[in-house]
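Each chain, written out:
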Amino acid sequence: MAENIIIIGGGPCGLEAAKTLRDLGYAPIILEKKQELGGHLRKWDRLFPEGVQAKQVLKELTSGLKGIEWHTSVDIETIEKSRKGYTVTLSTGVSYNSPALLLTNGFKLFPAEKKEEYGYGIYDKVITNADLEQYFAKGKDNVIKKPKTIGFVHCVGSRDEKVGNRQCSKVCCATAVKQACEMKELFPDATIYSFYMDLRLFGRNYEDMYLTAQKKYGIRYIRGRVSEVSEDIDGSLIVKAEDTLLCKPLRLKIDLLVLMTGIVPENSSASLAQQLNIELGEDGFYKPKDTILEPCMAENNGLFMAGACTGPKTIPETLSEARAAAVQIHNYLNKSWISGIL
Ligand SMILES: Cc1cc2nc3c(=O)[nH]c(=O)nc-3n(C[C@H](O)[C@H](O)[C@H](O)COP(=O)(O)OP(=O)(O)OC[C@H]3O[C@@H](n4cnc5c(N)ncnc54)[C@H](O)[C@@H]3O)c2cc1C
Ligand code: SF4
């Protein structure tokens, strides 16, 4: 009979790893805490760089799950390690055993209300990148009504010592460029500003996306941090910033401000790390055994990790890591069985 492999997290990473493990002859069990599989992909509308529909990718990932056991709305109570592997017990009392355990519990979005100066949760016209994706997906929103001036603020909760996150979230510059172009398509008369510190567009075709944003859509890129947001008497926003290239302070009236919230560790990562005795990096993401040679393997035998739970990643990077983790589990089990460890 095929060996069970427990996967914690049913986002893009967990789903892809499960399929690869199933194809390698195992019986994966996905344990997902939310009501539905799919992770953050469920929240996105179109994906950078080409604008592929997220629901198309989601459909691909969540179809063909034959041979894979999955449980949603689970609450993991304990995880125990024994010589034979891992036992995961849910709050319902149900337990699952597996010779190896794969963590794919992903990330959470930085809570924008923590940056009080941007007014999220205070002013209706301040929204996040995730809110805007929902608007694109649903086509309606009570706040977004023909904005004439739109601002995008990069690095919200990332590269910011004040909120305890020095790191770059990697995906939000590309998201900001994509979303600015989409807004210009919807509201061709709108003037769109993007406030950035550096633009980090590293992938294939990402530069073209940026050039299109400037040349075709006329998005105005301003190098500088927004320092303050307040509400004007007519309900529009007053945004204060500094153009650090022109060394000029700016005060702009804006109808809609979109905060590019970044990727921070999932709440459960700290408690899972404690239970499993694994190290977290200074940034709060799991620390693999070796970031170059063994990025999917923990120090502990039989414990693996992949996707955004080890740091910000795009979907293609996440899926590649999922497949790599599955192959590493297969190799680990083969070696362990041959040498009689398991
Ligand atoms: C604003 C934004 C836009 C993005 N747009 C794009 C894009 O256009 N193109 C692109 O390539 N990438 C994009 N990304 C990146 C993409 O979202 C990630 O690469 C991808 O979601 C990572 O997948 P994952 O499975 O590792 O993590 P997640 O998507 O976070 O999934 C993790 C899953 O684990 C579950 N989980 C967490 N803790 C537990 C627990 N204790 N027990 C059980 N289950 C648990 C969660 O509920 C979730 O379902 C974007 C990211 C952001 C922030
Ligand atoms: S990807 Fe861009 S917006 Fe996101 S943290 Fe890095 S520099 Fe800032």
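Given the structure is predicted, the values throughout are model-derived calculations rather than measurements.

(A) Broad picture of the overall build of the protein. Regarding its fold elements, the protein presents seven helices and 20 strands. A compact globule built from 342 residues would reach a C-alpha radius of gyration of about 20 Å, and the protein, at 22 Å, matches this within 12%. When the backbone C-alpha atoms are referred to their principal axes, the protein occupies close to 70 × 40 × 35 Å. Buried positions account for 41% of the 342 residues belonging to the protein. Taking all contacts inside the protein whose residues are at least 6 apart in sequence as the whole, residues at least 24 apart take part in 65%.

(B) Just the packing of helix α4 (residues 172-186) against helix α5 (residues 206-215), in detail. Look at α4 against α5: their axes get within 10 Å of each other, and the N-to-C directions meet at 40°. Taken as axis vectors, α4 and α5 run oblique relative to one another. For the element pair α4 and α5, the recorded crossing hand is left-handed. When α4 is examined against α5, the residues Ala-174, Val-177, Lys-178, Ala-180 and Cys-181 are found in contact with a partner set consisting of Tyr-206, Met-209, Tyr-210, Thr-212 and Ala-213.

(C) A look at the site of ligand 1. Surrounding ligand 1, one finds 38 residues, the nearest of these being Gly-9, Gly-11, Gly-39, Gly-106 and Gly-307. Looking at the shell around ligand 1, the elements that each hand over two or more residues are α1 (12-23), β10 (107-109), α3 (129-138) and α7 (315-339). Per-class residue counts for the shell around ligand 1 are 18 nonpolar, 15 polar and five charged. Mapping the shell around ligand 1 onto the domain boundaries places at least three of its residues in each of domain 1 (4-106 + 266-339) and domain 2 (112-263).

(D) Here's a closer look at the nonpolar core. Of all hydrophobic cores here, the largest spans 89 residues; its most connected members are Ile-7, Ala-17, Leu-102, Leu-257, Leu-259 and Phe-304. Looking at this core element by element, the count peaks at eight residues for α4. A domain split of this core shows at least three residues from each of domain 1 (4-106 + 266-339) and domain 2 (112-263). If we skip the residues at most four places from it in the chain, Leu-259 touches Ala-112, Tyr-118, Tyr-120, Val-126, Thr-128, Asn-129, Val-153 and Val-156.

(E) Inspection of the sheet that holds strand β9 (residues 101-103) at higher detail. Reading across the sheet, the five strands line up as β5-β2-β1-β9-β20 and stay open at both edges, with parallel pairing between neighbours. The strands lining the two open edges of the sheet, one partner per strand, are β5 (69-71) and β20 (303-305). Strand-to-strand, the axes of this sheet are offset by a mean angle of 20°, without reference to chain direction. In the sheet, β9 pairs with β20 via three bridges, with the strands oriented parallel. Among the inter-strand pairings, Leu-101 is bridged to a residue of β20, identified as Leu-303. Sitting on the sheet, α1 touches β1 (4-8), β2 (27-31) and β9, and the angle it makes with β2 is about 165°.

(F) Structural context of the domain arrangement of the protein. Per the domain assignment, the segments of the protein are domain 1 (4-106 + 266-339) and domain 2 (112-263). Each of domain 1 and domain 2 has a C-alpha centre, and the two are 32 Å apart. Looking at the side of domain 1 that touches domain 2, its residues break down into five nonpolar, one polar and four charged.

What counts, and at which threshold
- Residues numbered from 1 in each chain as written.
- Chains lettered and ligands numbered in written order.
- Predicted model: local features only at pLDDT ≥ 70, side-chain atom pairs only at ≥ 80, totals over all residues.
- Helix = DSSP H or I, 4+ residues; strand = E, 2+ residues; numbered from the N terminus.
- Rg over C-alpha atoms; globule rule 2.2 N^0.38 Å.
- Buried ≥ 20, exposed ≤ 12 C-beta atoms within 10 Å, placed from the backbone.
- Contact = placed C-beta atoms within 7 Å.
- Axes fitted to C-alpha atoms, helices over the stretch in contact; angles between N-to-C directions.
- Parallel < 35°, antiparallel > 145°, perpendicular 65-115°, else oblique.
- Left-handed = near helix turned anticlockwise from the far one by under 90°.
- Near = placed C-beta within 6 Å.
- Nonpolar A, V, L, I, M, F, W, Y, C, P; charged D, E, K, R; others polar.
- Domains from an automatic or database assignment.
- Core = buried A, V, L, I, M, F, W, Y, C linked by C-beta atoms within 7 Å.
- Pairing = 2+ DSSP bridges.

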